[in-house]
Amino acid sequence: MTQDAFAEASMLFDTDEAPAQPLPSGRLPSYIKDHRRRLRERFMFGGSAAMPDYELLELVLFRSIPRQDVKPLARTLIDTFGDFNRVLTAPQERLRDIKGVGDTVITDLKILEACAHRMARARVMQRHAISGWDALVDYCHTTMAHRETEQFRVFYLDRKNVLIADEEQAKGTVDHVPVYPREVAKRALELNASALIVVHNHPSGDPTPSQLDIDMTNRIQDACTALGLTLHDHLIIGKSTELSFRSEGYL
């Protein structure tokens, strides 16, 4: 990179540190190199628990942007989206609106998001859903709590309540998702399932069910009853908590 090009790139951020200057050898300035080394050491020896979200995000950005001070970008992303989880789950088009975020950063963030989903899913698939309820709820929060639109998914269980399928049934808008109860029940028969758990998220963050949610759940319950299926629960996932129709007496 030429001197002019490097200077232009560094102007993308309002840094809270001295701007990076290229060295003749093309190596990182020592203060950035030392900062990266110290942050990596803190992570490796102390873990992530004591690290604020922007520092954990810096560690990710080190690999995406190898020759620049990434602290200002990390802070901007956290300030824009709220926390580390919301940065990972932010839509690509919104990420791209942030100065300094390009294809490499977006790809790395989405790889991390996919890894988080895969790991959470591995804790629930082919496991007993009722005894592993906490893991199931954690998986729902990981995959759905930070979405900006509603998603409706169904967990299908066998006669021993082992989770055999996790399927997204529909996507919707910020406050509505179309659901077809007969299709949900029909899919259960195709999978030879005996029971199911339905889940959807509220992007507003408040898991309180609307009347539409209650009516839709009743229709699913009726379809399941007609086919000899058990509807264990309907979960609504909010930003930091969830609501169980079974626990709240709606089922």
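Scroll up a little and you will see the structure.
Attention here is on the structure that accompanies the text.

Parameters and conventions
Residues numbered from 1 in each chain as written. Predicted model: local features only at pLDDT ≥ 70, side-chain atom pairs only at ≥ 80, totals over all residues. Heavy atoms only, no water. Helix = DSSP H or I, 4+ residues; strand = E, 2+ residues; numbered from the N terminus. Buried < 20%, exposed > 50% of the residue type's maximum accessible area, 1.4 Å probe, protein only. Contact = heavy atoms within 4.5 Å. Areas by Shrake-Rupley, 256 points an atom, 1.4 Å probe, with all protein chains shown as cover. Polar contact = N/O pair within 3.5 Å; in protein donor to acceptor, adjacent residues only side chain to side chain. Phe/Tyr/Trp six-rings, centres within 6.5 Å; stacked < 30°, edge-to-face > 60°. Lys NZ or Arg CZ within 6 Å of the ring centre and 35° of its normal. Pairing = 2+ DSSP bridges. Axes fitted to C-alpha atoms, helices over the stretch in contact; angles between N-to-C directions.

**Points about the overall build of the chain**
Point 1. Counting its regular elements, the chain contains ten helices and five strands.
Point 2. Counting only residues that meet the buried cut, the chain has 45% of its 251 residues in that class.
Point 3. Intrachain contacts of the chain at a sequence separation of at least 6 include 59% that bridge at least 24 residues.
Point 4. Accessible area for the chain stands at about 13600 Å²; split by element, carbon and sulfur atoms hold 51% of it.

**Remarks on the side chain of Arg153**
Point 1. Tracing the sequence through the fold places Arg153 in strand E1 (residues 151-157).
Point 2. Here the side chain of Arg153 touches Asp166 through a polar contact of 3.0 Å, side chain to side chain.
Point 3. Not counting chain neighbours up to four residues away, the residues in contact with Arg153 comprise Tyr139, Thr143, Met144, Asp166, Glu167, Glu168, Gln169, Ile197, Val198 and Val199.

**A word on unusual backbone geometry**
Point 1. Even without a glycine there, the phi angle at Asn161 is positive, about 65°.
Point 2. Within the secondary structure, Asn161 sits in the loop between E1 and strand E2 (163-171).
Point 3. Phi angles above zero are rare outside glycine, and Asn192 is one such case at about 60°.
Point 4. On the secondary structure map, Asn192 appears in the loop between helix H9 (181-190) and strand E3 (195-201).
Point 5. Assessed through its relative accessible area of 63%, Asn192 is described here as exposed.

**A short note on helix H4 (residues 71-81)**
Point 1. Listed as buried for H4 are Lys71, Pro72, Leu73, Ala74, Leu77, Ile78 and Phe81.
Point 2. Two residues or fewer past H4, Gly82 is found with a positive phi of approximately 115°.

**Observations regarding the packing of aromatic side chains**
Aromatic rings in a pair are described by how distant their centres are and how their planes are angled relative to each other.
Point 1. Using the criterion set out here, one finds two aromatic pairs in the structure.
Point 2. For the pair Tyr139 and Phe155, a centre-to-centre distance of 6.0 Å together with 55° between the ring planes defines the contact as tilted. A residue pair is termed long-range when its members are at least 10 positions apart, and Tyr139 in helix H8 (residues 133-144) and Phe155 in strand E1 qualify at 16 residues.
Point 3. We classify Phe155 as buried; its relative accessible area is 0%.
Point 4. Each ring, one from Phe245 and one from Tyr250, has its centre 5.0 Å from the other, and the planes form 45°; the classification is tilted.
Point 5. Sitting over the face of the ring of Tyr54, Arg75 holds its NZ or CZ atom 4.0 Å from the ring centroid.

**Quick look at the pairing of strand E4 (residues 230-237)**
In summary, the side chains of a regular strand alternate between the two faces of the sheet.
Point 1. Counting buried positions over the eight residues of E4 gives seven, a clear majority of the element.
Point 2. As defined by bridge partners, E3 adjoins E4 across seven bridges and the pair is classed as parallel. Following the sheet pairing, Asn201 is matched in E4 by Ile237.
Point 3. Of the pairings in the sheet, the one linking E4 to strand E5 (residues 242-244) comprises three bridges and is antiparallel in character. When the sheet's bridge partners are listed, Ile236 is paired in E5 with Leu243.
Point 4. Adjacent in sequence and paired antiparallel, E4 and E5 are bridged by four residues.

**Digging into the sheet that holds E2**
Point 1. Across the sheet, which stays open at both edges, the five strands sit in the order E2-E1-E3-E4-E5 with mixed pairing between neighbours. The open sheet is flanked by E2 and E5, the only strands paired with a single partner. Averaged over all neighbouring strand pairs, the angle between strand axes comes to 20°, with direction disregarded.
Point 2. On the sheet, H8 packs against E1, E2, E3, E4 and E5 and is oriented at approximately 155° with respect to E1.

Just distances and angles here, no functional claims.
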